[in-house]
Amino acid sequence: MSTSMIACAIDQRECAVVYMKKSGGNYSLSGCKSLPFGLDDLASTKGIRLLNKLDRHINEWPDGELALCFGPKSYIPLPASFPANASAEKCSEYCRIEAQYFLSQPEEYNCDCTAYGMNRNGLHEKKMLLFYPATEPGRRVSEHLAATHRIVFNGTPQLPLLHLSRFTAEKQVILEIESNYLLLTESKEGRIEKFSCREVKNRKESEYFTIKALVENPICRETEIQLTGTLADKAMMRLIRKETSMTLKPLSLPSSLSISNPEKFSLSSAVAVKAVSLALMALYEQKRFTLFSD
């Protein structure tokens, strides 16, 4: 049985669209296009023209299901505990309840929810709730694309990137360095094991707290650190290497992940990696839902 998925990842400055097929345990790409505009551009006066350009690329596969992810400008994390084996609908309900208690304006936020920590038994399960601003132009993009495609996921890149850890035996450590925040995740087998997020005001704070976060986490000396984000440039990487002597690399797909035809497309940019990881996660969830329905 063959299944397929369109995935679109949109960061602040660029975006990528991929079309992935899965047959058995084999993945293949039929399209991967990176575009030099992102949420900041879509919010500008030329936003409608750029949205139509994005729409044309997605409509190359008019009947495909669509997964979307947007890079937010901030996260507000909240560890929580939900009843074990709660359905997706129940988890969404619990997230809304937590938002009412935790946020001063809960209606202005969306939430990604994922398993967190090591406990997998008992009556309850730890969760990490990632609240993020539900701002324009994300709403406009989603509403526009929903008119022509069924959207099966609409969230941030965090859950798709977490899914990548299913494809490697080693722990996956990703440090995201954005202008407003630092986010460090340690994950394995699709589950967050450690998580930290900090707001920053400027590049100097980013440099200081990046080095502090890496030095204070022993796992960062045992495995490669993947860097992504608008401030994860060559200068930042040089500084981190100088101050910590740690092994760094840009965000990338696991070498153990087998895609039959990667040479046809450029998958080196962070936004392309996010789009591919989004497609992989959506196909995985699609399969789980099909098996459950049967």
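Rules and cut-offs
- Residues numbered from 1 in each chain as written.
- Predicted model: local features only at pLDDT ≥ 70, side-chain atom pairs only at ≥ 80, totals over all residues.
- Heavy atoms only, no water.
- Phe/Tyr/Trp six-rings, centres within 6.5 Å; stacked < 30°, edge-to-face > 60°.
- Helix = DSSP H or I, 4+ residues; strand = E, 2+ residues; numbered from the N terminus.
- Buried < 20%, exposed > 50% of the residue type's maximum accessible area, 1.4 Å probe, protein only.
- Lys NZ or Arg CZ within 6 Å of the ring centre and 35° of its normal.
- pLDDT = per-residue confidence, 0-100.
- Contact = heavy atoms within 4.5 Å.
- Pairing = 2+ DSSP bridges.
- Axes fitted to C-alpha atoms, helices over the stretch in contact; angles between N-to-C directions.
- Parallel < 35°, antiparallel > 145°, perpendicular 65-115°, else oblique.
- Left-handed = near helix turned anticlockwise from the far one by under 90°.
- Nonpolar A, V, L, I, M, F, W, Y, C, P; charged D, E, K, R; others polar.
- Core = buried A, V, L, I, M, F, W, Y, C linked by side-chain atoms within 4.5 Å.
- Lys, Arg positive; Asp, Glu negative; His and termini not counted.
- Salt bridge = Lys/Arg side-chain N within 4 Å of Asp/Glu carboxyl O.
- Polar contact = N/O pair within 3.5 Å; in protein donor to acceptor, adjacent residues only side chain to side chain.

A look at the packing of aromatic side chains
Two measures describe an aromatic ring pair: the distance that separates the ring centres and the angle between the ring planes.
Right, so step 1: Applying the stated criterion across every chain, the model contains six aromatic pairs.
Right, so step 2: Ring geometry for phenylalanine 102 versus phenylalanine 131: centroids 6.0 Å apart, planes at 35°, classification tilted. Here phenylalanine 102, found in helix H3 (residues 88–102), pairs with phenylalanine 131, found in strand S7 (residues 124–133); they are 29 residues apart in sequence, far enough to count as distant.
Right, so step 3: Residue phenylalanine 102 is classed as partly exposed on the basis of its relative accessible area, which comes to 35%.
Right, so step 4: Centroid distance tyrosine 208 to phenylalanine 209: 4.9 Å. Interplanar angle 80°. Geometry classified as edge-to-face.
Right, so step 5: Positioned above the aromatic ring of phenylalanine 209, the side-chain terminus of arginine 198 is 3.9 Å from the ring centre.

Observations concerning the confidence of the model for the protein chain
Right, so step 1: In this model, the protein chain carries an average pLDDT of 90, and 95% of its residues clear a pLDDT of 70 or more.
Right, so step 2: The lowest-confidence element of the protein chain is helix H8 (residues 270–293), averaging 80 in pLDDT; the highest-confidence one is strand S4 (residues 66–70), averaging 97.
Right, so step 3: Note that residues 289–294 has pLDDT below 50 and, in this model, zero contacts with residues that lie over four places away or in other chains.

Quick notes on the sheet that holds S7
Strands in a sheet are paired, the pairing made by backbone hydrogen bonds, and the direction either parallel or antiparallel.
Right, so step 1: Ordered by their spatial adjacency, three strands build an open sheet running S5-S7-S6, and the pairing between neighbours is antiparallel. Every interior strand has two partners, whereas the edge strands, strand S5 (76–83) and strand S6 (109–115), have only one. Strand-to-strand, the axes of this sheet are offset by a mean angle of 30°, without reference to chain direction.
Right, so step 2: Relative to S7, S5 runs antiparallel, the two sharing eight bridges. Bridging across to S7, alanine 80 finds its partner in lysine 127.

Remarks on the environment of valine 215
Right, so step 1: Residue placement: valine 215 occurs in helix H6 (residues 203–215).
Right, so step 2: For valine 215, a relative accessible area of 41% translates into the label partly exposed.
Right, so step 3: Considering only alpha carbons, one finds valine 215 and threonine 244, 29 residues apart in sequence, at a separation of 6.9 Å.
Right, so step 4: Other than its neighbours up to four places away in sequence, valine 215 contacts Arg221, Thr244 and Met246.

Concerning the packing of helix H2 (residues 47–58) against helix H4 (residues 138–146)
The description of two packed helices rests on the angle between their axes and on the distance between the axes.
Right, so step 1: Packing of H2 against H4 brings their axes to within 11 Å, and their N-to-C directions diverge by 40°. One element, H2, and the other, H4, form an angle in the oblique class. At the point where H2 passes H4, the crossing takes the right-handed sense. Touching Ile48, Leu51, Asn52, Leu54, Asp55 and Ile58 of H2 are Arg140, Val141, His144 and Leu145, all from H4.
Right, so step 2: Broken down by class, the residue content of the contact of H2 with H4 amounts to six nonpolar, two polar and two charged.

Some remarks on the nonpolar core
Right, so step 1: In this structure, Val18, Met20, Tyr27, Leu253, Ile259, Val276 and Leu280 are the most contacted members of the largest nonpolar core, which totals 34 residues.
Right, so step 2: Elements with a minimum of two residues in this core: strand S1 (2–10), strand S2 (15–23), strand S3 (26–35), S4, helix H5 (158–164) and H8.
Right, so step 3: Considering each element in turn, this core owes the most residues, eleven residues, to H8.
Right, so step 4: When residues no more than four places from it in sequence are discounted, the contact partners of isoleucine 259 are Met20, Tyr27, Ser28, Leu29, Leu253 and Val276.

Some points on the pairing of strand S11 (residues 191–199)
Right, so step 1: Note that strand S10 (residues 181–188) and S11 share eight bridges and pair antiparallel. Residue pairing in the sheet places threonine 185 in a bridge with phenylalanine 195 of S11.
Right, so step 2: Where S10 folds back onto S11 in an antiparallel hairpin, the turn is made up of two residues, including glutamate 189, whose phi is positive at roughly 55°.

With respect to the sheet that holds strand S13 (residues 248–250)
Right, so step 1: Spatially, five strands are ordered S11-S10-S9-S12-S13 in an open sheet, and the strand pairing comes out mixed. Looking at which strands have only one partner, the edges of the open sheet turn out to be S11 and S13. Ignoring strand direction, the axes of neighbouring strands in this sheet form an average angle of 20°.

Examining the side chain of glutamate 178
Right, so step 1: Looking at the element boundaries, glutamate 178 is found in the loop between strand S9 (172–177) and S10.
Right, so step 2: No salt bridge is formed by the buried glutamate 178; its nearest oppositely charged neighbour, lysine 274, is found at 5.2 Å.
Right, so step 3: Among the polar contacts made by the side chain of glutamate 178, one reaches the side chain of threonine 230 at a distance of 2.7 Å.
Right, so step 4: Excluding residues that lie within four positions of it along the chain, glutamate 178 makes contacts with Val200, Ser206, Gly229, Thr230 and Leu231.

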